[in-house]
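# An overview of the molecular structure
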Amino acid sequence: MRRAVLLTGALRTIRKTMRFFKRNVLCAQEKHDVAVFACVQNDTGESEEAWTEWLKSEIGPCLVEVLWFSLDKFPGWVAHRDLQLDHMVIDEGWKGYLRNSGSMIEYYQLQLAYMKMCRAEETKGFRYDYVIRARTDSIFVKPVDFHWLDWSEEEIATRWGMVKEEMRVS
């Protein structure tokens, strides 16, 4: 089973969250089947080259690609953002917030990482079975588990019955 992780976000907290990512996302899977496609934003004083080396040393051979997002490298982002905002039926205050926060950039980074993954699939001639989106500031406190994806309809019905009973009791 092939899995891909799309890792996005600013780097400000990644040194604190990386051990959780490695333990509960990468190590929770069969390592050789996990490919990490990162689109990250350097909001630190360290160089992108130094960060790339650090990411390679932390993630190892699972790291397929690191794409560095910045407004200089992706000047089309502003036009893309404004086009999206023009079509949103929301208060101008919210548009101002979205225009100046990182809330929309994270989804643009996700799109860029996804496109890198798609290119890799085309090049290698296969598709990833499962794709996980992870942010650099996420803490995964439990291993990511996909065992339930192989459940039969009976197993799903049994589990649903347990969930319904638990909800009724609580």
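The structure this text deals with has already been given above.
Residues numbered from 1 in each chain as written. Predicted model: local features only at pLDDT ≥ 70, side-chain atom pairs only at ≥ 80, totals over all residues. Heavy atoms only, no water.

### Overview of the overall build of the protein
The following threshold applies: Starting at the N terminus, helices and strands are each numbered in turn, a helix being any DSSP run of H or I of at least four residues and a strand any DSSP run of E of at least two. Per-residue accessibility, obtained with a 1.4 Å probe over protein chains only, is compared with the maximum for each type, and a residue is labelled buried under 20%, exposed over 50%, and partly exposed between these values.
In terms of regular secondary structure, the protein is built from six helices and four strands. When the elements of the protein are put in sequence order from the N terminus, they spell out β-α-β-α-β-α-α-α-β-α. Taken over the C-alpha atoms alone, the protein extends approximately 50 × 45 × 35 Å along its principal axes. Across the 170 residues of the protein, 38% fall into the buried class.

### Considerations on helix H1 (residues 14-26)
Test applied: How far a helix is expected to stretch is found by multiplying one less than its residue total by 1.5 Å. Across the chain, bend at a residue is computed as the angle between axes fitted to the seven residues ending at that point and the seven starting from it.
Between its terminal C-alpha atoms H1 stretches only 15 Å, short of the 18 Å expected from 13 residues at 1.5 Å a residue. At Phe20, H1 shows its largest kink, close to 30 degrees. For H1, the full list of buried residues reads Ile14, Thr17, Met18, Phe20, Phe21, Asn24, Val25 and Leu26.

### Description of the pairing of strand S3 (residues 63-69)
How we decide: Handedness rule for crossovers: strands pointing away from the viewer, path from the first strand over the helix to the second running clockwise, crossover right-handed.
Where burial is concerned, most of S3 is hidden: five out of the seven residues are buried. For the crossover that starts at strand S2 (residues 34-41), traverses helix H2 (residues 48-59) and ends in the parallel S3, the hand is right-handed.

### Describing the sheet that holds strand S1 (residues 3-10)
What counts, and what does not: Pairing between two strands requires that DSSP report at least two bridges joining them. All axes are obtained by fitting lines to C-alpha atoms, using only the stretch in contact for helices, and the reported angles, taken between N-to-C directions, cover 0 to 180 degrees.
On the basis of which strands lie adjacent, the open sheet formed by four strands has the order S3-S2-S1-S4 and parallel pairing. Only two strands of the sheet have a single partner each, and these edge strands are S3 and strand S4 (130-135). On average, each strand axis in the sheet is tilted by 15 degrees relative to the strand beside it, whichever way the strands run. By the bridge criterion, six bridges tie S2 to S3 in an arrangement that is parallel. If you follow Val40 over to S3, its bridge partner there is Trp68.

### A few points about the state of the cysteines
The condition is simple: Only a pair of cysteine sulfur atoms within 2.5 Å counts as a disulfide in this structure description.
The tally for this structure, following the rule as stated, stands at zero disulfides. For Cys27, which is in no disulfide, the shortest distance to another cysteine sulfur is to Cys62 and amounts to 8.3 Å. Cys27 sits in the partly exposed class, given a relative accessible area of 45%. Its relative accessible area of 6% is what places Cys62 among the buried residues.

### A closer look at the side chain of Thr8
Quick note on the threshold: For this analysis, residues touch if any pair of their heavy atoms sits within 4.5 Å.
With respect to the helices, strands and loops of the structure, Thr8 is situated in strand S1. On the basis of relative accessibility, which here comes to 0%, the residue Thr8 falls in the buried class. With sequence-adjacent residues up to four places away left out, Thr8 is seen in contact with Cys39, Val40, Glu106, Gln109, Leu110, Ala113, Arg133, Ala134, Arg135 and Thr136.

### A look at the pattern of salt bridges
Rules: Any Lys or Arg side-chain nitrogen found within 4 Å of a carboxyl oxygen on Asp or Glu counts as a salt bridge.
In total, this model carries 14 salt bridges according to the counting rule given. Note that Lys73 is salt-bridged to Glu48, the shortest N-O span being 2.5 Å. Of this pair, Lys73 sits in the loop between S3 and helix H3 (76-86) while Glu48 is found in helix H2, placing the two residues 25 residues apart along the sequence. The partner of Glu53 in a salt bridge is Lys56, and the shortest N-O contact between them spans 3.8 Å. Of this pair, Glu53 and Lys56 both sit in helix H2, three residues apart, which is roughly one turn of the helix.

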